[in-house]
Number of protein chains: 2
Amino acid sequence: MSSFAPTEQRLAVTCRRQPAFPRQPAVLVRLIKHLHKRVHDDANALLKPWGISHPEYNILMMLYGTEGYALNPSQLAEAAGEKSANITRLADSLCDKGLIERTASDEDRRKVSLSLSRRGLAMIDDFMPAICALLERQTAGLKAAETAQLERLLKKFLDQLEQG
Amino acid sequence: MSSFAPTEQRLAVTCRRQPAFPRQPAVLVRLIKHLHKRVHDDANALLKPWGISHPEYNILMMLYGTEGYALNPSQLAEAAGEKSANITRLADSLCDKGLIERTASDEDRRKVSLSLSRRGLAMIDDFMPAICALLERQTAGLKAAETAQLERLLKKFLDQLEQG
DNA sequence: TCCATATATTTCATATATGAAATATATACG
DNA sequence: CGTATATATTTCATATATGAAATATATGGA
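Residues numbered from 1 in each chain as written. Chains lettered and ligands numbered in written order. Predicted model: local features only at pLDDT ≥ 70, side-chain atom pairs only at ≥ 80, totals over all residues. Heavy atoms only, no water.

Taking an unreviewed UniProt entry as the reference, chain A is identified by name as MarR family transcriptional regulator belonging to Rhodanobacter geophilus.

S.K.: Go over the side chain of Ser105 of chain A with me, naming the residues and quoting the values.
M.R.: Here Ser105 of chain A is to be found in the loop between β2 (100–104) and β3 (112–116). For Ser105 of chain A, the side chain forms a polar contact with the main-chain nitrogen of Glu107 of chain A, separated by 3.4 Å. (Helix = DSSP H or I, 4+ residues; strand = E, 2+ residues; numbered from the N terminus. Polar contact = N/O pair within 3.5 Å; in protein donor to acceptor, adjacent residues only side chain to side chain.)

S.K.: Hey, could you go over the packing of aromatic side chains for me, with residue numbers and the actual values?
M.R.: Applying the stated rule across the entire model yields six aromatic pairs over all chains. Note on Trp50 of chain A and Phe127 of chain A: the rings are 6.0 Å apart at their centroids and 85 degrees apart in plane angle, and the pair reads as edge-to-face. Of this pair, Trp50 of chain A sits in the loop between α2 (23–47) and α3 (54–64) while Phe127 of chain A sits in helix α6 (residues 118–138), and the two are 77 residues apart along the sequence. A relative accessible area of 24% places Trp50 of chain A in the partly exposed class. Residue classification places Phe127 of chain A among the buried positions, given a relative accessible area of 0%. Joined through ring pairs, the aromatic side chains of Trp50, Tyr57 and Phe127 of chain A make up one cluster. Here the guanidinium or amino end of Arg17 of chain A rests over the ring plane of Tyr64 of chain B, the centre of that ring lying 5.9 Å away. (Phe/Tyr/Trp six-rings, centres within 6.5 Å; stacked < 30°, edge-to-face > 60°. Buried < 20%, exposed > 50% of the residue type's maximum accessible area, 1.4 Å probe, protein only. Lys NZ or Arg CZ within 6 Å of the ring centre and 35° of its normal.)

S.K.: Break down the relation of the copies chain A and chain B for me, citing the residues and quoting the values.
M.R.: Rotating chain A by 180 degrees and moving it 0.0 Å along the rotation axis overlays it on chain B with an RMSD of 0.0 Å. What we have between these two chains is a two-fold relation. (Least-squares fit on C-alpha atoms with pLDDT ≥ 70 in both.)

S.K.: Account for the UniProt feature "domain: HTH marR-type" (unreviewed entry) in chain A, with residues named and values stated.
M.R.: On the UniProt side, "domain: HTH marR-type" (unreviewed entry) is annotated at positions that read residues 25–159 of chain A here. Helix makes up 68% of residues 25–159 of chain A and strand 9%, whereas the separation of the span's terminal C-alpha atoms amounts to 15 Å. (UniProt positions renumbered as here; feature names shortened; annotations may be inferred.)

S.K.: Account for helix α5 (residues 84–96) of chain A, with residues named and values stated.
M.R.: Residue and element names in this part refer to chain A. In this model α5 runs 18 Å from its N-terminal to its C-terminal C-alpha over 13 residues, within 8% of the 18 Å that 1.5 Å per residue would give. Packed against the buried residues of α5 are α3, α4 (73–80), β2 and β3. Trailing α5 by a residue or two, Gly98 shows a phi angle of about 75 degrees, which is positive. (Expected span 1.5 Å × (residues − 1). Contact = heavy atoms within 4.5 Å.)

S.K.: Run through the sheet that holds strand β1 (residues 70–71) of chain A, naming residues and quoting values.
M.R.: All names here are of chain A. Read across the sheet, three strands follow the order β1-β3-β2 without closing on themselves; strand pairing throughout is antiparallel. Of all the strands in the sheet, the pair left with one neighbour each is β1 and β2. Looking at chain direction, β2 and β3 are connected through five bridges and run antiparallel. Directly across from Thr103, in β3, lies its bridge partner Ser113. (Pairing = 2+ DSSP bridges.)

S.K.: Outline the environment of Leu99 of chain A, listing residues and values.
M.R.: All names here are of chain A. With respect to the helices and strands, Leu99 occurs in the loop between α5 and β2. Judged by its relative accessible area of 2%, Leu99 falls in the buried class. For the pair formed by Leu99 and Leu121, sequence separation is 22 residues and the distance between their alpha carbons is 7.7 Å.

S.K.: Break down the protein's contact with DNA strand C for me, citing the residues and quoting the values.
M.R.: Close contacts around DNA strand C come from 19 residues, with Arg89 and Arg110 of chain A together with Pro73, Ser74 and Arg110 of chain B the closest. The sugar and phosphate moieties of DNA strand C supply 75% of its atoms located within 4 Å of the protein. Lys83 of chain A places a side-chain nitrogen or oxygen 3.4 Å from a phosphate oxygen of DNA strand C. A distance of 3.1 Å is found between a phosphate oxygen of DNA strand C and a backbone nitrogen or oxygen belonging to Val112 of chain B. Residue assignment for the surface near DNA strand C shows that the elements contributing at least two residues are α5 of chain A together with α4 (73–80) and α5 (84–96) of chain B. Counted by class, the surface near DNA strand C contains five nonpolar, five polar and nine charged residues. (Near = heavy atom within 4 Å. Nonpolar A, V, L, I, M, F, W, Y, C, P; charged D, E, K, R; others polar.)

S.K.: Can you tell me about the protein's contact with DNA strand D, naming the residues and giving the values?
M.R.: Around DNA strand D, the structure places 19 residues, and the nearest of them are Pro73, Ser74 and Arg110 of chain A together with Arg89 and Arg110 of chain B. Within 4 Å of the protein, atoms of DNA strand D come from sugar and phosphate in 74% of cases. For the surface near DNA strand D, the secondary-structure elements that each account for two or more residues are α4 and α5 of chain A together with α5 of chain B. Looking at the surface near DNA strand D residue by residue, the classes come out as five nonpolar, five polar and nine charged.

S.K.: Could you give me a rundown of the packing of helix α3 (residues 54–64) of chain B against helix α6 (residues 118–138) of chain B, with the residues and numbers involved?
M.R.: Residues and elements named next belong to chain B. Following both chains from N to C, one finds α3 and α6 inclined at 110 degrees, their axes separated by 11 Å at the closest point. As summarised for this structure, α3 and α6 are arranged roughly perpendicular, according to the angle between their axes. Two secondary-structure elements touch here, α3 through Tyr57, Leu60, Met61 and Tyr64 and α6 through Leu121, Ile124, Asp125, Phe127, Met128 and Ile131. Residues that form the contact of α3 with α6 fall into these classes: nine nonpolar, no polar and one charged. (Axes fitted to C-alpha atoms, helices over the stretch in contact; angles between N-to-C directions. Parallel < 35°, antiparallel > 145°, perpendicular 65-115°, else oblique.)

S.K.: How would you explain the interface of chain A and chain B if you had to name every residue and give the values?
M.R.: Contacts between the two partners involve 82 residues from chain A and, on the opposite side, 82 residues from chain B. Where chain A abuts chain B, roughly 8200 Å² becomes buried across the two surfaces, and 61% of that area is made up of carbon and sulfur atoms. The three residues of chain A that bury the most area against chain B are Arg10, Arg17 and Leu161 of chain A, which together make up 8% of that side's buried surface. Applying the counting rule to chain A against chain B returns 14 salt bridges. Between Glu67 of chain A and Arg17 of chain B there is a salt bridge whose closest N-O contact spans 3.8 Å. Elements represented by at least two residues in the side of chain A that touches chain B include exactly α1 (5–17), α2, α3, α4, α6 and α7 (144–163) of chain A. With 19 residues, the single largest contributor to the side of chain A that touches chain B is α2 of chain A. Tallied by class, residues from the side of chain A that touches chain B come to 36 nonpolar, 20 polar and 26 charged. (Buried area = accessible area lost by both parts, 1.4 Å probe. Salt bridge = Lys/Arg side-chain N within 4 Å of Asp/Glu carboxyl O.)

Printed below as a string of structure tokens:
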């Protein structure tokens, strides 16, 4: 039985006690929380041998997914869903490890450019097989059509959250 | 345009650079992260006037959803998706605010019972209309059938994460 | 009974994340 | 120009979360 069952049971009790409580939206929100926790913990465990955390991995991958392998802290904050103060801290840590480089922009001297180092690129190549395997495994229970449907619905959900 | 578009664009670049990288699983994982952040931030903002955080709210609601309005720290950890050390801290905070009570169990003296206080119950009644409105708003973009489908798929996704 | 081991919770040191203020540069407009 | 305002990043104090060790109780044999 899923670890979610007791939570769902508690939502049912809440609905009985608060007739206006919208069950399904509440279930969705709690599912998101459970999923996030699991995904975060799994990624942290997998990355441990490389000495980086899941948020640090996200930073590296955002740079990797960019032409030129470089972004500003504010772009990274947006892309990785972190606050800019946290980007500073994560970037400091990644610089210390030699995985990214911090250089001043000369078009706009307020800006900073964070770019993947040769060593950062090599580390990505190194952990990539394990990451791919994890991602495949995590969605192995879903058929292709279900994955596509889930992607569509989650995007719609996110759109709504960002508007409403 | 959704805040997710740049992230998705970066995943496309990653796929080009790493042919083995599974795009859809990666998109799902990132969507979960974006959704979680948004849900968490929205709830924190809404609850601020009551002086409690989203994790504290979750504790209160887990107790509220239980017959007898009481749970052990370990049950709460499981239900709320928090580590037990964190439950201790959150429970301390809620006790300080007079919203829950901590009593020793006498069937098993290792255990502690955390229960909603009269004041905690009153606070739930007080913020409930705003919470219901938030939950309705957050899912307003989804049709009933879509919400049901999303719930089904997220549960399947979570099951897979917990097995694999 | 006594001991080994398991379970429940808390403590404490440390890691991680945030908001608000500080710093620096850019841009717009009188 | 000069000055007000906006943008980008960092600093710092504080809040939040975690792992590992410590504490206390329970349980099941020898």
